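The lines below spell out each chain.
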Amino acid sequence: MSDAGRRAGGLHAAGHDRTRVALASVALAASAAAGVATLGSPRALVACALAALASAALGWTALARLARPREPLPPDPLPAPRPDLDAALEHAPLALWRLVAGQAPLPLNAAARRLIAPGRAVEPASLLALLDAGPGRRIVTLPTEHGQERAVLAVSALTVQGQAWRLAALAPIESELETETLVAWRQLVQVLTHEIMNSLTPIASLAASAPALLEAGEPAELQAALAALARRAAHLQGFVERYRSVSQPPAPTLADTPLLPLLQAVQRLVAPAWGAAGGTVDIDVEPASLALRTDAGQLEQVLINLAQNALQACTGRPAPALRIEARLSRGARLRLTVADNGPGVPPGLEARIFTPFFTTREGGSGVGLAVVRQLVHGLGGTVRHAKRPGGGACFVLTF
């Protein structure tokens, strides 16, 4: 008989035994009641006693069968493997591994097996050791025969049939990072070249014309040329100082920092400028006891920079508004949002707004958001631009 048939038969028999016990109990109760009612008739009393004995025997037999240890039923069979899921797992673009404590990592698909195959990893044991990590995401460096390659390692914890597993996914990203780095450098060089040439061209022109003005004996023209030369040199010097502020951020001094007092301090600093423009600044910290291990001065500077950028973007709006919120997001991560009701970031420029010296504002330096990103990364967080359903700009800081 199959396992399913034995399981069904066992359950059926147990159900019959429970029914017999119930019927025997009812028959015993009826026999007792009838015996009490026929105490004056010996024959009826004997009949009731025999019926009670028969009911008791039936019930006792059923109870004995119920109490007898039964053969343990086999566990439910595992679902049959699905060929379509197996094929998808085998050809997944990520290298997948099963991690069980005390066992070597088990490759689950072709991408994982290729990583430890000859010609790929220099030391497969070192690569496998990288996988032995707790749940979370991190960037790791793989020792391959083509050199050091960076990859994203994501580990998740799960329980399968009562056994603790960790599932590791490894995605090489070296080529993608190189592409992004080249694009960023190209954009930076374009901006630097534009800014430097805007100053060097008039400087060179004025420097070339100064001797002629001196020989011509035109002191007024020469003085004007030298003044213009000094202005352009000062502008170029200021540009170099701004570049230094982006390329060499100060090292943070970390300490446990309550967020409500910090946001209140930022509000006091930026509210006068917003009030002068007819606007408001609101803060919200939930719960009020939220704290973050950070450099309070640098985080305050980040929020002030974002508030100033928002005010400049809201120039001319009838009722400009700024809102700074602190919340706990999923995974117990802290989420700070700085949102305004201005025009928002122009479509298509979201990926460029953090590039140093890139700006869409007339007379802007293009340094504010670049400094913000540098400081936030130095504090161990990330900053992103998020679209708001109602319009305006929203910057999300996650720690």
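Structure first, text after, so check above.
Residues numbered from 1 in each chain as written. Predicted model: local features only at pLDDT ≥ 70, side-chain atom pairs only at ≥ 80, totals over all residues. Heavy atoms only, no water.

1. Some details on the overall build of the protein
In step 1: When helices and strands are counted, the protein shows ten helices and twelve strands.
In step 2: Relative to all contacts within the protein whose residues are 6 or more apart in sequence, the contacts with residues 24 or more apart total 57%.
In step 3: Looking at the protein as shown, the accessible area adds up to about 23900 Å², and 61% of this sits on carbon and sulfur atoms. (Helix = DSSP H or I, 4+ residues; strand = E, 2+ residues; numbered from the N terminus. Contact = heavy atoms within 4.5 Å. Areas by Shrake-Rupley, 256 points an atom, 1.4 Å probe, with all protein chains shown as cover.)

2. Regarding the nonpolar core
A general feature of soluble globular proteins is that nonpolar side chains tend to end up buried together.
In step 1: With 40 residues, the main nonpolar core has Leu 263, Trp 274, Leu 299, Leu 306, Leu 322, Leu 397 and Phe 399 as its most contacted residues.
In step 2: Counting residues per element, the ones that place at least two in this core are helix 8 (259-276), strand 7 (280-285), helix 9 (296-313), strand 9 (321-329), strand 10 (333-340), helix 10 (368-378) and strand 12 (393-398).
In step 3: Broken down by element, the residue count for this core peaks at eight residues, all from helix 9.
In step 4: The contacts of Trp 274, once residues within four sequence positions are left out, are Gly 279, Thr 280, Val 281, Ala 307, Ala 310, Leu 311, Cys 314, Pro 320, Ala 321 and Leu 322.
In step 5: One finds Leu 99, Ala 111, Leu 142 and Leu 153 within the second-largest nonpolar core, a separate group that totals 16 residues. (Core = buried A, V, L, I, M, F, W, Y, C linked by side-chain atoms within 4.5 Å. Buried < 20%, exposed > 50% of the residue type's maximum accessible area, 1.4 Å probe, protein only.)

3. Let's talk about the sheet that holds strand 9
In step 1: The strand order across the open sheet built from five strands is 7-9-10-12-11, with neighbouring strands paired in mixed fashion. Looking at strand neighbours, the two that pair on one side only are strand 7 and strand 11 (382-387), the edges of this open sheet. Direction aside, the axes of adjacent strands within the sheet are offset by 15° on average.
In step 2: Where strand 9 meets strand 10, eight bridges bridge the pair, whose relative direction is antiparallel. Each bridged residue has a counterpart across the sheet, and for Arg 327 the counterpart in strand 10 is Arg 335.
In step 3: Taken strand by strand, helix 8 contacts strand 7, strand 9 and strand 10, and its axis lies near 175° from that of strand 7. (Pairing = 2+ DSSP bridges. Axes fitted to C-alpha atoms, helices over the stretch in contact; angles between N-to-C directions.)

4. Points about a nonpolar patch on the surface
In step 1: Side chains of Ile 196, Met 197 and Leu 200 sit close together on the surface and give an oily, nonpolar patch of about 230 Å² of accessible area.
In step 2: Among the secondary structure elements, Met 197 is positioned in helix 6 (residues 174-216). (Patch = residues over 30% accessible without salt bridge, like charges linked within 9 Å, V, L, I, M, F, W, Y side chains within 5 Å. Salt bridge = Lys/Arg side-chain N within 4 Å of Asp/Glu carboxyl O.)

5. Observations concerning the pairing of strand 8 (residues 291-294)
In step 1: Of the two faces of strand 8, the one holding Leu 292 and Thr 294 is buried and the one holding Ala 291 and Arg 293 is not buried anywhere.
In step 2: As defined by bridge partners, strand 6 (residues 255-258) adjoins strand 8 across four bridges and the pair is classed as antiparallel. Across the sheet, residue Thr 257 finds its bridge partner in strand 8, namely Leu 292.

6. Some thoughts on the sheet that holds strand 4 (residues 147-160)
What holds strands together in a sheet is hydrogen bonding between their backbones, with the strands either parallel or antiparallel.
In step 1: Here we have five strands laid out as an open sheet, ordered 2-1-5-4-3, and antiparallel in their pairing. Of all the strands in the sheet, the pair left with one neighbour each is strand 2 (106-107) and strand 3 (136-144).
In step 2: Looking at chain direction, strand 1 (residues 95-99) and strand 5 (residues 163-172) are connected through five bridges and run antiparallel. Bridge pairing in strand 5 links Arg 98 to Leu 167.

7. Remarks on the packing of helix 8 against helix 9
In step 1: Where helix 8 contacts helix 9, the axes come no closer than 10 Å and their chain directions differ by 35°. Two packed elements cross with a definite hand, and for helix 8 against helix 9 that hand is right-handed. Only Ala 296, Leu 299, Glu 300, Leu 303, Ile 304, Ala 307, Ala 310 and Leu 311 of helix 9 make contact with helix 8, whose side of the interface consists of Leu 259, Leu 262, Leu 263, Ala 265, Val 266, Leu 269, Val 270, Ala 273 and Trp 274.
In step 2: Grouping the amino acids of the contact of helix 8 with helix 9 by side-chain chemistry returns 16 nonpolar, no polar and one charged. (Left-handed = near helix turned anticlockwise from the far one by under 90°. Nonpolar A, V, L, I, M, F, W, Y, C, P; charged D, E, K, R; others polar.)

8. So, the pattern of salt bridges
In step 1: Using the criterion set out here, one finds six salt bridges in the structure.
In step 2: Residues Arg 323 and Asp 284 are paired through a salt bridge, measuring 3.4 Å at the closest nitrogen-oxygen approach. In this pair, Arg 323 is assigned in strand 9 and Asp 284 in strand 7, connecting sequence segments 39 residues apart.
In step 3: The exposure class assigned to Arg 323 is partly exposed, which follows from its relative accessible area of 33%.
In step 4: On the accessibility criterion, Asp 284 (21% relative accessible area) is partly exposed.
In step 5: One network of salt bridges, with partners in common, ties together Asp 284, Arg 323, Glu 325 and Arg 327.

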